[in-house]
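# Descriptive analysis of the structure
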Number of protein chains: 4
Amino acid sequence: MPLVTTYDELERRAREILPPDIFGYLATGSGVEETLATNDAAWRQFPLRPRILRDVARVDTGTTLLGTPVASPVHVAPTGYQTLAHASGEAGVAKGTADAGSLYVLSTRATASLDEVAAVAGPWWLQVYVLRDRDLSARIVERAAACGARALVLTADTPYVAAKARAANVPVGGSARFLIPELVARDDEGTWQNPSVTFDDIGWLREVSGGLPVVVKGVLRGDDARSCVEAGASALYVSNHGGRQLDGALATAFALAEVRAAVGEECEVYVDGGIRTGRDVVRALALGANAAFVGRPALWALATSGSDGVRDLLSSLHEEVDEALALCGCRSVAEVTPDLVRYP
Amino acid sequence: MPLVTTYDELERRAREILPPDIFGYLATGSGVEETLATNDAAWRQFPLRPRILRDVARVDTGTTLLGTPVASPVHVAPTGYQTLAHASGEAGVAKGTADAGSLYVLSTRATASLDEVAAVAGPWWLQVYVLRDRDLSARIVERAAACGARALVLTADTPYVAAKARAANVPVGGSARFLIPELVARDDEGTWQNPSVTFDDIGWLREVSGGLPVVVKGVLRGDDARSCVEAGASALYVSNHGGRQLDGALATAFALAEVRAAVGEECEVYVDGGIRTGRDVVRALALGANAAFVGRPALWALATSGSDGVRDLLSSLHEEVDEALALCGCRSVAEVTPDLVRYP
Amino acid sequence: MPLVTTYDELERRAREILPPDIFGYLATGSGVEETLATNDAAWRQFPLRPRILRDVARVDTGTTLLGTPVASPVHVAPTGYQTLAHASGEAGVAKGTADAGSLYVLSTRATASLDEVAAVAGPWWLQVYVLRDRDLSARIVERAAACGARALVLTADTPYVAAKARAANVPVGGSARFLIPELVARDDEGTWQNPSVTFDDIGWLREVSGGLPVVVKGVLRGDDARSCVEAGASALYVSNHGGRQLDGALATAFALAEVRAAVGEECEVYVDGGIRTGRDVVRALALGANAAFVGRPALWALATSGSDGVRDLLSSLHEEVDEALALCGCRSVAEVTPDLVRYP
Amino acid sequence: MPLVTTYDELERRAREILPPDIFGYLATGSGVEETLATNDAAWRQFPLRPRILRDVARVDTGTTLLGTPVASPVHVAPTGYQTLAHASGEAGVAKGTADAGSLYVLSTRATASLDEVAAVAGPWWLQVYVLRDRDLSARIVERAAACGARALVLTADTPYVAAKARAANVPVGGSARFLIPELVARDDEGTWQNPSVTFDDIGWLREVSGGLPVVVKGVLRGDDARSCVEAGASALYVSNHGGRQLDGALATAFALAEVRAAVGEECEVYVDGGIRTGRDVVRALALGANAAFVGRPALWALATSGSDGVRDLLSSLHEEVDEALALCGCRSVAEVTPDLVRYP
């Protein structure tokens, strides 16, 4: 019977290890951190309603994401500048994720090259912006496709970068690397954020990437979800950017059911924000998600123990999902139905 | 006018007396202890709506459980390894419970033999698992029937043992005893938990026990409640294992009315989880229970004062039920109706 | 512009002045003090919806209780053994209440004689039990009527005295006095509490008192309210005994509207429990009360400054009611309507 | 990426700088400060539902108030005695507000003359009472109109000044100045508050001011809102006086939608009370406001850095509104619709 290692304990250890400004930058939410605080608590408002007396001798946590088989429904969300947390950076997170059988979403704000990451990653997707310089965006996307990215995750909630409550400046050193060399000369805000991205860019990304599926990240409304699907999105990713963009935005647990209801079974739906345990993952599945993603937990695990820490974190979440499915009377992710949670 | 001894005080005393790892093992919930925390608080969300100006000169707290007369509607839930709390262990709890006129549910994870317990117990039931070794299960059940168990309580929420937040390993010494000698050689997890138990096993248990009624413990849903009844269960026991199995599971106070509604008056319904006072017992009755059970309170009472502590705890709860019934204008358990609580 | 003296400050001063066991006895709630804690907070769940631009140059807080004119809708609830708080005891409270133009409800558990109190009181009612010795009850009631009591307040929520969380024994000295001399020899619980009182006793009290109106105190349900009216009650007093009887009972703020709805305009309705400010009084009026009563605030005021303290407390509450009415756009108690609060 | 300066930080600085009695007077709420505490928290009960993938390259925070163009939808509420916070007083606040392109509402309880303020102000309105001496009121209003006030804001929630929880007396020195010289001799409560003001005075004010639009401040109910409009109000200002008048009054966030629903698009609606961030402003817009006002934040900014502090505060709020609009997918104030918040 293993002892639980909680998220709070993991965060505490990372806080001890990391320089305060770096911890602050990674931990901060925007504004007064309203959304950051509510993301976690929101899942707890959906208690589980377990089923009993099902034969759960064999529980399979495996599932697929856009056709890619993965070992469990919990994966790693894109977060920037992962070398801040640990020297192994993106390659470390990618490797740890692969070792655990999960999917890695590489941030465009990476501090590693596509080649380095691709060399060690299991299945991975690339998080993208549509940059002001569309040619540069196209080049990144083409290179990512060539390096084996299986999908693009378009961050749709960041036309501008929100002001932060704690350390605001990224203390990335001069030796920082970038996804592709052409990004080096462009490391300024003006490059990164393009406030004119619209639903039309979903199709554009698909096209310039040679047909990669496009996942839209940052969806919090049913009407937007429909617009994305109609514009060609292959999947929707419910997120409020971990409380780092619009402060006061709805907790993702509360947005999920609306988004699923809007698109029915037309496409896959993912979620991040405050996912801390395997039970939270099962709640997300019950509320309509196909998979859940963790951001900060992976950073704290990386800070604490590098690649192995990430692998152990995901293995532990994987085991918690396994346990939670069994204790809910479910033999697979597919058996999780909406009645498995009680609505507040 | 007696002074109230609160649960918090009882727990405080036990914490002082017991070694930290033992207290931790008995007190712990699973996961991040969400369910453990909500169980208690949930009852307080159902305020009482007392009736006045009824003649309550004679209040009878007596009732029956599956036909067995008992002095009150509050009894002792099954908990494992009771010698951890006090040398008198299961025999001590059984005796104290009998002295108070309540019913004792003996855990299969006992650290005493069936004979020892049966020698001192009043009316008692045996909590059972369907072990992987069905012959061993059958032997336990047969012996229990021979020793006078009046019913079997099938724990249905533990296909696997959940990871715990505090002390995870049972510090049972080498001299530990077991229900029947054959269990000695099998004290490993693989023996205890069988993840393939289904509704069909309700009938199997009844059969191998020579017709003992089977109570299904761990029911939290109306649909499962109906399935149990249709499979031959004699009663339902609403429980989330005191917050020690699926963390995040619904507080029992919130599951009770749904379970009662699903089965109507077809069978008896019991509940445990966060029952701390006689008023909580009356709330449970109003929400549809025939009786309520206490787990940790009995352990803390045992730790503090052995068998007498258990007797005093139950007598005190008994008196609180008596007082609460009278102050609600009820002369008996039967006069408690759903309108006696306000729904949140 | 006066500074507010809060209830918390008043309580703090009384705690400083009184011996701990006496403060404990007066402050305690029953059980785990659930109801005690929720009584206060409940009023805050009904925010006020003030009206503007009404001519409130003249605000009249005066009203009548069963025909008796009083200066405001806030009065003094019956509480026992008032000499515990201050040597002037019941006479002190009665005088202070009279000085402020409010109504005093004298407890049967008084430590003063009817004559002493009547000599200094303004309008007053007598709180009564129907004692086991009905002749004694009848004598008390007759004497009270002769001394000028204008109504009887039948406490209906105390067939037994509930166990308490803090000091449980009344530290009344041997020199304690009683309402009438015949009570001296009977100062034991067996005398006081009669668990067989029913709705029929409303009529009996009216009769033996020579026709005094009977107010039933302790009503928390609409159906009981109707039964009281049908049995001849002249008014209803919504109360949970200040959280000293059935712990877990509904906060009075939540019971008030139901009671008023059940009786319509057939009779007056009063309330106590957690009334701490003039705004709470106005909320009570909006929820259906004709008047509100304070218990512990009067005791703390008495402890702090004797009779003058009680007068000042009531005058202050009176001023707060005056201010609250004006700021709500009401010129009188009669202009307070249910839409003045927002329901949770 | 700027670091957020929170309201709490601003308040902390002001508390350090100001003498305790002055800070207390400015910070205090009335009564037990129930409303003061709920005003802030209420906005957080309306999470934002941002729209994504809109072209927000150009966000215009500009709007108009009664036809006057302003740079943003956040402005400065009337508060009295601004020299208490900083020697520059009303002129300082007016100038800082003008520098930020917002509108200033000058309090009749000013410690500066109309001329001084008008000399440095941008667009400004005058908050007025209808004084007992109507001639004096008329003279003030006439002078204000002559000095360039564009509207009158009739405070409708103060027929009397409510008792306060903290420093109650205004420590204004003998050298205090007044809006017009005639007010000097009348600095007593009897002058200021006239409890007989009614809806009819809306028309009277309009008339004596030579036709200035009248905004009614202190509206918390739909029925009152309609009465104001029917009596000739040009706009409504939802307010509970920053928790300084009727304590226990509804938080403004909860009153706003009702007021807007009552008047439809017939007139503009404003709100103050607990507005602390640009997101709160956007919430207010979604709930039906045309603009939001800040009171204490401007005082703390003034105390900390004089006129520049006020300008910086408003510029910061302006930027937050800009950011929040963009992150909500809105290019203008007009694009904020009720579906942008989730109702509790």
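Report follows, based on the coordinates.

With that out of the way, let us pick up the relation of the copies chain B and chain A. Of the transformation superimposing chain B on chain A, the axial component is 0.0 Å and the angular component is 90°, with the fit at an RMSD of 0.0 Å. The transformation relating the two chain copies, once decomposed into turn and shift, fits a four-fold axis. Within chain B, the C-alpha atom positioned nearest to the axis of rotation is that of Pro344(B), 7.9 Å from it.

The next point concerns the side chain of Thr79(B). Residue and element names in this part refer to chain B. Topologically, Thr79 is positioned in the loop between strand S3 (74-76) and helix H4 (89-99). A polar contact is formed between the side chain of Thr79 and the side chain of Gln82, at a distance of 2.8 Å. Setting aside its immediate chain neighbours within four residues, Thr79 contacts Ser107, Gly295 and Leu299.

Here we take up the arrangement of the chains. A gap remains between chain A and chain C, which never touch, and the nearest two C-alpha atoms on either side lie 16 Å apart. Separated throughout, chain B and chain D approach each other most closely at a C-alpha pair spaced 16 Å apart.

Residue and element names in this part refer to chain A. In this structure the tally under the stated criterion is 36 aromatic pairs over all chains. Judged by centre distance (5.6 Å) and plane angle (45°), the rings of Trp125 and Tyr270 are tilted. With Trp125 in strand S5 (residues 124-128) and Tyr270 in strand S9 (residues 268-272), this pair connects stretches of sequence that are 145 residues apart. In this structure Tyr270 comes out as buried when scored by relative accessible area, which is 0%.

Here we take up the environment of Pro344(A). Residue and element names in this part refer to chain A. Among the secondary structure elements, Pro344 is positioned in the segment after helix H12 (296-327). Judged by its relative accessible area of 64%, Pro344 falls in the exposed class. When the C-alpha atoms of Pro344 and Ala42 are compared, they prove to be 10.0 Å apart, with 302 residues separating the residues in sequence. Apart from residues no more than four positions distant in its own chain, Pro344 is found in contact with Gln45, Phe46 and Phe254.

Residues and elements named next belong to chain D. Burial along strand S10 (residues 291-294) is two-sided: Ala291 and Phe293 facing one way and Ala292 and Val294 facing the other are all buried. Here 3 bridges tie strand S9 (residues 268-272) to S10, and the two strands are oriented parallel to one another. Residue Tyr270 lies in a different strand from S10, and its bridge partner there is Ala291.

This part is about the interface of chain D and chain A. Taken residue by residue, the interface counts 28 residues in chain D and 38 residues in chain A. Of the roughly 3000 Å² buried at the junction of chain D and chain A (both faces included), carbon and sulfur atoms supply 62%. A salt bridge links Asp247(A) to Arg279(D), with the nearest nitrogen and oxygen atoms 3.6 Å apart. Between the two partners, chain D and chain A, sit 14 residue pairs in polar contact (both at pLDDT 80 or more). When contributions to the side of chain D that touches chain A are tallied by element, the ones reaching two or more residues are helix H11 (278-286) and helix H12 (296-327) of chain D. Broken down by element, the side of chain D that touches chain A gets its largest block of residues, 4 residues, from H12(D). Here the side of chain D that touches chain A is composed, by residue class, of 16 nonpolar, 2 polar and 10 charged.

Packed helix pairs are specified by the crossing angle of their axes together with the interaxial distance, meaning the distance between the axes. Residues and elements named next belong to chain D. Contact pair H11 / H12: the axes reach a minimum separation of 7 Å and the direction vectors enclose 60°. Viewed along their axes, H11 and H12 adopt a mutual orientation that is oblique. Every pair of crossing elements has a handedness; the one defined by H11 and H12 is right-handed. Across from Gly278, Arg279, Val281 and Val282 in H11, the residues of H12 making contact are Leu317, Glu320, Val321, Ala324 and Leu325. Along the lines of polarity and charge, the residues of the contact of H11 with H12 split into 6 nonpolar, 1 polar and 2 charged.

Another aspect to go through is the nonpolar core. By size, the foremost hydrophobic cluster in this structure holds 449 residues, and its most contacted members are Leu126(A), Leu126(B), Leu126(C) and Leu126(D). The contacts of Leu126(C), once residues within four sequence positions are left out, are Val105(C), Leu106(C), Ser107(C), Thr108(C), Leu114(C), Ile140(C), Ala144(C), Ala149(C), Ala151(C), Leu152(C), Val153(C) and Leu179(C).

All names here are of chain A. Helix H2 (residues 20-27) sits mainly inside the fold: 6 of its 8 residues count as buried. Taken together, the buried positions of H2 are Ile22, Phe23, Gly24, Tyr25, Leu26 and Ala27. Structurally, H2 contributes buried residues whose contacts are with helix H1 (7-17), helix H3 (34-43) and H12.

Definitions and cut-offs
Residues numbered from 1 in each chain as written. Chains lettered and ligands numbered in written order. Predicted model: local features only at pLDDT ≥ 70, side-chain atom pairs only at ≥ 80, totals over all residues. Heavy atoms only, no water. Least-squares fit on C-alpha atoms with pLDDT ≥ 70 in both. Helix = DSSP H or I, 4+ residues; strand = E, 2+ residues; numbered from the N terminus. Polar contact = N/O pair within 3.5 Å; in protein donor to acceptor, adjacent residues only side chain to side chain. Contact = heavy atoms within 4.5 Å. Phe/Tyr/Trp six-rings, centres within 6.5 Å; stacked < 30°, edge-to-face > 60°. Buried < 20%, exposed > 50% of the residue type's maximum accessible area, 1.4 Å probe, protein only. Pairing = 2+ DSSP bridges. Buried area = accessible area lost by both parts, 1.4 Å probe. Salt bridge = Lys/Arg side-chain N within 4 Å of Asp/Glu carboxyl O. Nonpolar A, V, L, I, M, F, W, Y, C, P; charged D, E, K, R; others polar. Axes fitted to C-alpha atoms, helices over the stretch in contact; angles between N-to-C directions. Parallel < 35°, antiparallel > 145°, perpendicular 65-115°, else oblique. Left-handed = near helix turned anticlockwise from the far one by under 90°. Core = buried A, V, L, I, M, F, W, Y, C linked by side-chain atoms within 4.5 Å.

Functional significance is not addressed by these values, which are geometric in nature.
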